[in-house]
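Chains, contacts and geometry: an overview
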Protein chains: 2
Amino acid sequence: MVFASADVSKQELDSGDLFRPRFNEAGLITAIAVDAEDNTILMVAYMNAEALQLSLQTGIAHYWSRSRNALWKKGETSGNVQIIAEIRTDCDQDVVMMRVRTQDSGANCHTGRKSCFYRSLEVADDGKVVLSFDEKDQPRFDPSKVYK
Amino acid sequence: MVFASADVSKQELDSGDLFRPRFNEAGLITAIAVDAEDNTILMVAYMNAEALQLSLQTGIAHYWSRSRNALWKKGETSGNVQIIAEIRTDCDQDVVMMRVRTQDSGANCHTGRKSCFYRSLEVADDGKVVLSFDEKDQPRFDPSKVYK
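In this text the structure is predicted, and so the values were computed from the model without any measurement.

Now for the UniProt feature "domain: Phosphoribosyl-AMP cyclohydrolase" (unreviewed entry) in chain A. The positions UniProt marks with the feature "domain: Phosphoribosyl-AMP cyclohydrolase" (unreviewed entry) are residues 43-118 of chain A. In the segment residues 43-118 of chain A, helix accounts for 13% and strand for 38%; the C-alpha atoms at its two ends are 11 Å apart.

Another point: the sheet that holds strand β2 (residues 41-47) of chain B. Spatial strand order, β8(A)-β7(A)-β5(B)-β6(B)-β1(B)-β2(B): six strands in an open sheet with mixed pairing. One side of each edge strand has no neighbouring strand; the edge strands of this open sheet are β8 (129-133) of chain A together with β2 of chain B. Each adjacent strand pair in this sheet contributes to an overall mean axis angle of 35°, direction not counted. The pairing of strand β7 (residues 119-123) of chain A with β8(A) spans five bridges and is antiparallel. Bridge pairing in β8(A) places Leu121(A) opposite Leu131(A).

Quick look at the UniProt feature "binding site: Zn(2+)" (unreviewed entry) in chain A now. When the UniProt feature table is mapped onto this chain, "binding site: Zn(2+)" (unreviewed entry) is found at Cys91(A), Cys109(A) and Cys116(A). For the annotated residues, spread through 26 residues, the largest C-alpha to C-alpha distance comes to 27.4 Å, inconsistent with a single compact locus. Its place among the elements puts Cys109(A) in the loop between β6 (95-102) and β7. Its relative accessible area of 1% is what places Cys109(A) among the buried residues. Excluding residues within four positions of it along the chain, Cys109(A) makes contact with Lys114(A), Ser115(A), Cys116(A), Tyr118(A), Phe141(A) and Cys91(B). Its place among the elements puts Cys116(A) in the loop between β6 and β7. Residue classification places Cys116(A) among the buried positions, given a relative accessible area of 8%. Each residue touching Cys116(A), except ones within four places of it in the same chain, is listed here: Leu42(A), Met43(A), Asn108(A), Cys109(A), Thr89(B), Asp90(B) and Cys91(B).

Next up on the list: the nonpolar core. Of all hydrophobic cores here, the largest spans 66 residues; its most connected members are Ile32(A) and Ile32(B). Contacts of Ile32(B), omitting those with residues within four sequence positions, involve Ile32(A), Ile41(A), Val44(A), Ile41(B), Met43(B), Val44(B), Val95(B), Val96(B), Met97(B) and Met98(B).

Expressed as a screw transformation, the operator carrying chain B onto chain A has a rotation angle of 180° and an axial translation of 0.0 Å, and the superposed copies differ by an RMSD of 0.0 Å. Taken together, the rotation and translation describe the operation of a two-fold axis. Looking at the rotation axis and the C-alpha trace of chain B, the residue lying nearest is Asn39(B), at 2.7 Å. Looking at chain B, 100% of its interface residues are interface residues in chain A too, so the copies touch through the same face.

It is worth spelling out the pattern of salt bridges at this point. Opposite charge on two side chains allows them to pair when their charged atoms are near. This model, assessed by the stated rule, comprises 19 salt bridges over all chains. A salt bridge links Arg66(A) to Asp94(B), with the nearest nitrogen and oxygen atoms 3.2 Å apart. Taken as a pair, Arg66(A) in the loop between β3 (62-65) and β4 (70-73) and Asp94(B) in the loop between β5 (82-89) and β6 (95-102) lie in two separate chains rather than in one. On the basis of relative accessible area, Arg66(A) is assigned to the partly exposed category, the value being 46%. Residue classification places Asp94(B) among the buried residues on the basis of a relative accessible area of 12%. For the salt bridge of Asp134(A) with Arg88(B), the shortest nitrogen-to-oxygen distance reads 3.1 Å. Of the two residues, Asp134(A) is situated in the loop between β8 and α3 (143-146) and Arg88(B) in strand β5; the pairing between them involves two chains. Under the relative-accessibility criterion, Asp134(A) is labelled buried at 17%. Since its relative accessible area comes to 14%, Arg88(B) is described here as buried.

As a further point, take the packing of aromatic side chains. Residue and element names in this part refer to chain A. Applying the stated criterion across every chain, the model contains eight aromatic pairs over all chains. Following the ring pairs from residue to residue traces out a cluster consisting of Phe 3, Phe 19 and Phe 23. Taking NZ or CZ as reference, Arg 113 lies 4.0 Å from the ring centre of Tyr 118, over its face.

Turning our attention to the side chain of Asp90(B). Positionally, Asp90(B) belongs in the loop between β5 and β6. The side chain of Asp90(B) is buried and forms no salt bridge, while Arg119(A), the nearest opposite charge, is found at 6.4 Å. Of note is the side chain of Asp90(B), whose polar atom sits 3.2 Å from the backbone nitrogen of Asp94(B). Polar side-chain contacts of Asp90(B) include one of 3.4 Å to the backbone nitrogen of Val95(B). Once residues within four sequence positions are removed from consideration, Asp90(B) is found in contact with Cys116(A), Phe117(A), Arg119(A) and Val95(B).

Rules used in this analysis
Residues numbered from 1 in each chain as written. Chains lettered and ligands numbered in written order. Predicted model: local features only at pLDDT ≥ 70, side-chain atom pairs only at ≥ 80, totals over all residues. Heavy atoms only, no water. UniProt positions renumbered as here; feature names shortened; annotations may be inferred. Helix = DSSP H or I, 4+ residues; strand = E, 2+ residues; numbered from the N terminus. Pairing = 2+ DSSP bridges. Axes fitted to C-alpha atoms, helices over the stretch in contact; angles between N-to-C directions. Buried < 20%, exposed > 50% of the residue type's maximum accessible area, 1.4 Å probe, protein only. Contact = heavy atoms within 4.5 Å. Core = buried A, V, L, I, M, F, W, Y, C linked by side-chain atoms within 4.5 Å. Least-squares fit on C-alpha atoms with pLDDT ≥ 70 in both. Salt bridge = Lys/Arg side-chain N within 4 Å of Asp/Glu carboxyl O. Phe/Tyr/Trp six-rings, centres within 6.5 Å; stacked < 30°, edge-to-face > 60°. Lys NZ or Arg CZ within 6 Å of the ring centre and 35° of its normal. Lys, Arg positive; Asp, Glu negative; His and termini not counted. Polar contact = N/O pair within 3.5 Å; in protein donor to acceptor, adjacent residues only side chain to side chain.

Spelled out as C-alpha coordinates, the structure:
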(Lines give C-alpha, C1' and ligand atoms only; values in the text may rest on other atoms or scores of the structure.)
Protein backbone atom coordinates (compact mmCIF):
# COMPACT_ATOMS: atom_id res chain seq x y z
CA MET A 1 0.00 0.00 0.00
CA VAL A 2 1.38 3.35 -1.06
CA PHE A 3 -0.14 6.70 -0.12
CA ALA A 4 -0.36 9.32 -2.86
CA SER A 5 1.55 12.56 -2.36
CA ALA A 6 -0.16 15.38 -0.46
CA ASP A 7 1.95 17.95 -2.28
CA VAL A 8 -0.91 19.01 -4.54
CA SER A 9 -3.32 21.94 -4.80
CA LYS A 10 -6.00 22.59 -2.18
CA GLN A 11 -8.57 21.79 -4.84
CA GLU A 12 -7.02 18.41 -5.56
CA LEU A 13 -7.06 17.69 -1.81
CA ASP A 14 -10.72 18.57 -1.29
CA SER A 15 -12.19 17.43 -4.63
CA GLY A 16 -10.00 14.50 -5.69
CA ASP A 17 -10.66 10.80 -5.39
CA LEU A 18 -7.22 9.74 -4.15
CA PHE A 19 -6.36 9.57 -0.46
CA ARG A 20 -3.43 11.91 0.17
CA PRO A 21 -2.89 11.92 3.94
CA ARG A 22 -1.30 15.12 5.19
CA PHE A 23 0.97 14.01 8.02
CA ASN A 24 2.24 16.83 10.24
CA GLU A 25 5.91 17.71 10.77
CA ALA A 26 6.13 14.83 13.28
CA GLY A 27 4.80 12.39 10.65
CA LEU A 28 1.43 12.01 12.37
CA ILE A 29 -2.20 12.49 11.36
CA THR A 30 -5.08 13.10 13.77
CA ALA A 31 -7.37 10.06 14.09
CA ILE A 32 -10.85 10.15 15.60
CA ALA A 33 -12.85 7.06 16.54
CA VAL A 34 -16.65 7.23 16.77
CA ASP A 35 -19.19 4.55 17.62
CA ALA A 36 -20.36 2.91 14.36
CA GLU A 37 -23.91 2.58 15.71
CA ASP A 38 -24.73 5.94 17.30
CA ASN A 39 -21.83 8.22 16.22
CA THR A 40 -20.76 8.89 19.83
CA ILE A 41 -17.28 10.36 19.75
CA LEU A 42 -15.01 7.90 21.53
CA MET A 43 -11.41 9.11 21.39
CA VAL A 44 -8.87 11.23 19.53
CA ALA A 45 -5.34 9.99 18.94
CA TYR A 46 -2.66 9.98 16.23
CA MET A 47 -1.43 7.63 13.53
CA ASN A 48 1.85 7.51 11.68
CA ALA A 49 1.97 6.03 8.17
CA GLU A 50 2.52 2.50 9.51
CA ALA A 51 -0.43 2.68 11.92
CA LEU A 52 -2.63 4.03 9.12
CA GLN A 53 -1.55 1.25 6.74
CA LEU A 54 -2.13 -1.42 9.40
CA SER A 55 -5.57 0.01 10.17
CA LEU A 56 -6.49 -0.14 6.48
CA GLN A 57 -5.00 -3.59 5.90
CA THR A 58 -6.32 -5.34 9.01
CA GLY A 59 -9.56 -3.48 9.68
CA ILE A 60 -8.44 -3.05 13.29
CA ALA A 61 -7.54 0.40 14.64
CA HIS A 62 -3.81 1.01 15.17
CA TYR A 63 -2.38 4.27 16.47
CA TRP A 64 0.94 5.84 17.30
CA SER A 65 1.42 6.43 21.00
CA ARG A 66 3.17 9.76 21.48
CA SER A 67 3.78 9.08 25.19
CA ARG A 68 5.32 5.65 24.61
CA ASN A 69 6.75 6.53 21.19
CA ALA A 70 5.54 3.22 19.83
CA LEU A 71 3.02 1.62 17.54
CA TRP A 72 -0.17 1.00 19.51
CA LYS A 73 -2.71 -1.67 18.66
CA LYS A 74 -5.65 -0.33 20.62
CA GLY A 75 -7.07 -2.92 23.01
CA GLU A 76 -4.01 -5.17 23.01
CA THR A 77 -3.86 -4.97 26.81
CA SER A 78 -7.49 -4.33 27.69
CA GLY A 79 -9.17 -6.50 25.04
CA ASN A 80 -11.12 -3.50 23.78
CA VAL A 81 -10.06 -3.88 20.15
CA GLN A 82 -11.71 -1.48 17.72
CA ILE A 83 -13.10 -3.16 14.58
CA ILE A 84 -13.30 -0.56 11.81
CA ALA A 85 -16.58 -0.30 9.89
CA GLU A 86 -15.52 2.71 7.80
CA ILE A 87 -12.70 5.24 7.52
CA ARG A 88 -13.26 8.76 6.21
CA THR A 89 -11.02 11.76 5.74
CA ASP A 90 -11.83 15.47 5.81
CA CYS A 91 -11.65 18.11 3.09
CA ASP A 92 -7.96 18.96 3.53
CA GLN A 93 -7.02 15.38 4.42
CA ASP A 94 -5.22 16.11 7.70
CA VAL A 95 -7.66 14.06 9.82
CA VAL A 96 -9.07 10.55 9.54
CA MET A 97 -12.29 9.49 11.23
CA MET A 98 -13.13 5.86 11.87
CA ARG A 99 -16.53 4.36 12.65
CA VAL A 100 -15.69 1.47 14.97
CA ARG A 101 -17.25 -1.39 16.91
CA THR A 102 -15.34 -1.83 20.14
CA GLN A 103 -14.97 -5.39 21.40
CA ASP A 104 -15.19 -6.84 24.91
CA SER A 105 -16.52 -4.30 27.45
CA GLY A 106 -16.82 -1.56 24.80
CA ALA A 107 -14.55 0.79 26.74
CA ASN A 108 -12.31 3.09 24.68
CA CYS A 109 -10.82 5.34 27.37
CA HIS A 110 -7.90 4.36 29.62
CA THR A 111 -10.16 5.32 32.57
CA GLY A 112 -12.43 2.40 31.65
CA ARG A 113 -15.20 4.53 30.18
CA LYS A 114 -16.84 4.10 26.79
CA SER A 115 -15.73 7.58 25.67
CA CYS A 116 -12.80 9.83 26.58
CA PHE A 117 -15.27 12.75 26.42
CA TYR A 118 -17.00 12.11 29.78
CA ARG A 119 -16.84 15.66 31.16
CA SER A 120 -18.63 18.82 30.02
CA LEU A 121 -17.51 22.41 30.58
CA GLU A 122 -19.41 25.01 32.56
CA VAL A 123 -18.38 28.57 33.36
CA ALA A 124 -18.86 29.20 37.08
CA ASP A 125 -19.85 32.55 38.56
CA ASP A 126 -16.26 33.26 39.58
CA GLY A 127 -15.06 32.81 35.98
CA LYS A 128 -13.51 29.40 36.55
CA VAL A 129 -14.33 26.69 34.03
CA VAL A 130 -15.46 23.58 35.86
CA LEU A 131 -16.08 20.07 34.58
CA SER A 132 -19.11 17.94 35.32
CA PHE A 133 -19.03 14.21 34.77
CA ASP A 134 -21.46 12.39 32.48
CA GLU A 135 -22.94 9.94 34.97
CA LYS A 136 -24.23 7.77 32.13
CA ASP A 137 -20.67 6.87 31.12
CA GLN A 138 -19.46 4.81 34.08
CA PRO A 139 -16.12 2.93 34.01
CA ARG A 140 -16.51 -0.58 32.55
CA PHE A 141 -13.27 -1.90 34.03
CA ASP A 142 -10.87 -1.01 36.81
CA PRO A 143 -7.80 0.55 35.14
CA SER A 144 -5.55 -0.41 38.07
CA LYS A 145 -6.35 -4.06 37.41
CA VAL A 146 -6.05 -3.95 33.61
CA TYR A 147 -2.91 -1.83 33.22
CA LYS A 148 -0.24 -3.25 35.52
CA MET B 1 -12.31 33.89 32.51
CA VAL B 2 -9.06 32.28 33.52
CA PHE B 3 -8.04 28.75 32.59
CA ALA B 4 -6.48 26.63 35.32
CA SER B 5 -2.93 25.41 34.77
CA ALA B 6 -2.39 22.16 32.88
CA ASP B 7 0.90 21.59 34.67
CA VAL B 8 -0.54 18.93 36.94
CA SER B 9 -0.44 15.13 37.21
CA LYS B 10 -2.09 12.88 34.63
CA GLN B 11 -4.52 11.82 37.33
CA GLU B 12 -5.54 15.39 38.07
CA LEU B 13 -6.11 15.90 34.33
CA ASP B 14 -8.31 12.84 33.85
CA SER B 15 -10.11 12.77 37.20
CA GLY B 16 -10.35 16.41 38.25
CA ASP B 17 -13.26 18.79 37.98
CA LEU B 18 -11.37 21.83 36.70
CA PHE B 19 -10.89 22.50 33.01
CA ARG B 20 -7.16 22.64 32.32
CA PRO B 21 -6.78 22.98 28.53
CA ARG B 22 -3.50 21.58 27.26
CA PHE B 23 -2.55 23.88 24.40
CA ASN B 24 0.21 22.56 22.14
CA GLU B 25 3.55 24.29 21.55
CA ALA B 26 1.80 26.61 19.06
CA GLY B 27 -0.74 27.60 21.72
CA LEU B 28 -3.57 25.67 20.05
CA ILE B 29 -6.00 22.96 21.11
CA THR B 30 -7.82 20.59 18.73
CA ALA B 31 -11.53 21.40 18.46
CA ILE B 32 -14.14 19.05 16.99
CA ALA B 33 -17.68 20.08 16.10
CA VAL B 34 -20.45 17.48 15.92
CA ASP B 35 -24.14 17.83 15.12
CA ALA B 36 -26.05 18.32 18.41
CA GLU B 37 -28.97 16.26 17.10
CA ASP B 38 -27.42 13.16 15.52
CA ASN B 39 -23.72 13.34 16.55
CA THR B 40 -22.53 13.50 12.92
CA ILE B 41 -18.93 14.66 12.93
CA LEU B 42 -18.84 18.00 11.14
CA MET B 43 -15.32 19.44 11.23
CA VAL B 44 -12.00 19.50 13.05
CA ALA B 45 -10.13 22.76 13.58
CA TYR B 46 -8.06 24.52 16.26
CA MET B 47 -8.61 27.12 18.95
CA ASN B 48 -6.18 29.36 20.75
CA ALA B 49 -7.00 30.59 24.27
CA GLU B 50 -8.91 33.61 22.93
CA ALA B 51 -11.06 31.53 20.57
CA LEU B 52 -11.81 29.09 23.38
CA GLN B 53 -12.77 31.91 25.77
CA LEU B 54 -14.98 33.53 23.13
CA SER B 55 -16.67 30.21 22.40
CA LEU B 56 -17.42 29.73 26.10
CA GLN B 57 -18.53 33.34 26.67
CA THR B 58 -20.72 33.78 23.59
CA GLY B 59 -21.96 30.24 22.96
CA ILE B 60 -20.89 30.62 19.34
CA ALA B 61 -17.97 28.60 17.96
CA HIS B 62 -14.77 30.58 17.38
CA TYR B 63 -11.57 29.03 16.04
CA TRP B 64 -8.04 30.00 15.16
CA SER B 65 -7.34 29.85 11.44
CA ARG B 66 -3.85 28.47 10.92
CA SER B 67 -3.89 29.34 7.22
CA ARG B 68 -4.95 32.94 7.79
CA ASN B 69 -3.22 33.25 11.19
CA ALA B 70 -6.29 34.99 12.57
CA LEU B 71 -9.23 34.56 14.91
CA TRP B 72 -12.07 32.95 12.97
CA LYS B 73 -15.73 33.31 13.89
CA LYS B 74 -17.10 30.34 11.97
CA GLY B 75 -19.91 31.38 9.60
CA GLU B 76 -19.07 35.07 9.59
CA THR B 77 -18.87 35.01 5.78
CA SER B 78 -21.22 32.14 4.93
CA GLY B 79 -23.88 32.70 7.60
CA ASN B 80 -23.37 29.16 8.89
CA VAL B 81 -22.77 30.18 12.49
CA GLN B 82 -22.41 27.28 14.95
CA ILE B 83 -24.51 27.66 18.11
CA ILE B 84 -22.94 25.59 20.88
CA ALA B 85 -25.21 23.24 22.83
CA GLU B 86 -22.43 21.67 24.91
CA ILE B 87 -18.64 21.61 25.13
CA ARG B 88 -16.75 18.58 26.42
CA THR B 89 -13.07 17.76 26.86
CA ASP B 90 -11.28 14.43 26.79
CA CYS B 91 -9.38 12.56 29.48
CA ASP B 92 -6.04 14.32 28.99
CA GLN B 93 -7.66 17.65 28.10
CA ASP B 94 -5.89 18.26 24.78
CA VAL B 95 -9.09 18.19 22.71
CA VAL B 96 -12.45 19.95 23.02
CA MET B 97 -15.61 18.63 21.39
CA MET B 98 -18.62 20.83 20.77
CA ARG B 99 -22.17 19.75 20.04
CA VAL B 100 -23.46 22.47 17.73
CA ARG B 101 -26.53 23.60 15.84
CA THR B 102 -25.42 25.17 12.57
CA GLN B 103 -27.49 28.09 11.32
CA ASP B 104 -28.66 29.03 7.83
CA SER B 105 -28.04 26.22 5.31
CA GLY B 106 -26.42 23.98 7.95
CA ALA B 107 -23.21 23.67 5.95
CA ASN B 108 -19.98 23.40 7.97
CA CYS B 109 -17.42 22.65 5.26
CA HIS B 110 -15.89 25.29 2.98
CA THR B 111 -17.00 23.08 0.05
CA GLY B 112 -20.62 23.80 1.01
CA ARG B 113 -21.31 20.39 2.50
CA LYS B 114 -22.77 19.65 5.93
CA SER B 115 -19.65 17.77 7.01
CA CYS B 116 -15.98 17.96 6.05
CA PHE B 117 -15.94 14.14 6.22
CA TYR B 118 -17.74 13.47 2.90
CA ARG B 119 -15.31 10.88 1.50
CA SER B 120 -14.58 7.33 2.65
CA LEU B 121 -11.41 5.34 2.05
CA GLU B 122 -11.16 2.11 0.09
CA VAL B 123 -8.07 0.09 -0.75
CA ALA B 124 -8.09 -0.72 -4.47
CA ASP B 125 -6.67 -3.93 -5.95
CA ASP B 126 -3.50 -2.11 -7.02
CA GLY B 127 -2.84 -0.97 -3.44
CA LYS B 128 -3.90 2.62 -4.03
CA VAL B 129 -6.24 4.14 -1.46
CA VAL B 130 -9.17 5.75 -3.26
CA LEU B 131 -11.90 8.00 -1.95
CA SER B 132 -15.59 7.64 -2.63
CA PHE B 133 -17.96 10.52 -2.07
CA ASP B 134 -20.95 10.33 0.26
CA GLU B 135 -23.71 11.21 -2.20
CA LYS B 136 -26.08 12.03 0.66
CA ASP B 137 -23.95 15.05 1.64
CA GLN B 138 -24.42 17.38 -1.32
CA PRO B 139 -23.12 20.97 -1.29
CA ARG B 140 -25.64 23.39 0.18
CA PHE B 141 -24.09 26.49 -1.32
CA ASP B 142 -21.72 27.37 -4.14
CA PRO B 143 -18.36 28.18 -2.52
CA SER B 144 -17.32 30.35 -5.48
CA LYS B 145 -20.30 32.63 -4.80
CA VAL B 146 -19.94 32.76 -1.01
CA TYR B 147 -16.16 33.20 -0.66
CA LYS B 148 -15.06 35.97 -3.02
